[in-house]
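Structural description and commentary
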Amino acid sequence: MQEILTAVTYLVAWLACEKVFHIESGLTKLIISLGAAVGVYVLIAVKESRNKTRKGRDD
């Protein structure tokens with residue numbers, strides 16, 4: 001699930017850069033899209049890690 005959300009985030013960020021913000025530079029769109037996708041990936045990983053830690057403490 002995490003990888004799918006990351007891929008969707010990349011595509012949405014790319015399209016937002018192109019259509020909403022009218023960024024024409026491919027490199028800029030790439031950096032922004034990859035940054036957003038990596039950010040989402042890290043946020044989900046941190047959340048899952050915290051959930052596992054809490055679950056371990058409860059046991």
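Before going into details, it helps to say that this report is about the structure given with it. (Residues numbered from 1 in each chain as written. Predicted model: local features only at pLDDT ≥ 70, side-chain atom pairs only at ≥ 80, totals over all residues. Heavy atoms only, no water.)

1. Brief notes about the packing of aromatic side chains
Summed over all chains, the structure comprises 1 aromatic pair. Ring geometry for Tyr10 and Trp14: centres 6.2 Å apart, planes at 35°, overall tilted. Within this pair, Tyr10 and its partner Trp14 are both found in helix α1 (residues 2-20), separated by 4 residues, close to a single helical turn. You can call Trp14 partly exposed: its relative accessible area is 24%. (Phe/Tyr/Trp six-rings, centres within 6.5 Å; stacked < 30°, edge-to-face > 60°. Helix = DSSP H or I, 4+ residues; strand = E, 2+ residues; numbered from the N terminus. Buried < 20%, exposed > 50% of the residue type's maximum accessible area, 1.4 Å probe, protein only.)

2. Observations regarding helix α2 (residues 26-58)
With 33 residues, α2 extends 48 Å from end C-alpha to end C-alpha; this agrees with the ideal 48 Å at 1.5 Å per step. Along α2, the positions that sit buried rather than exposed are Lys29, Ser33, Ala37 and Ile44. Where α2 is buried, its residues touch α1. (Expected span 1.5 Å × (residues − 1). Contact = heavy atoms within 4.5 Å.)

3. Quick word on the pattern of salt bridges
Counted under the stated rule, the structure contains 2 salt bridges. Residues Glu18 and Lys19 are paired through a salt bridge, measuring 3.9 Å at the closest nitrogen-oxygen approach. A relative accessible area of 31% places Glu18 in the partly exposed class. The class of Lys19 is exposed, set by a relative accessible area of 56%. (Salt bridge = Lys/Arg side-chain N within 4 Å of Asp/Glu carboxyl O.)

These figures come from the coordinates and say nothing about function on their own.
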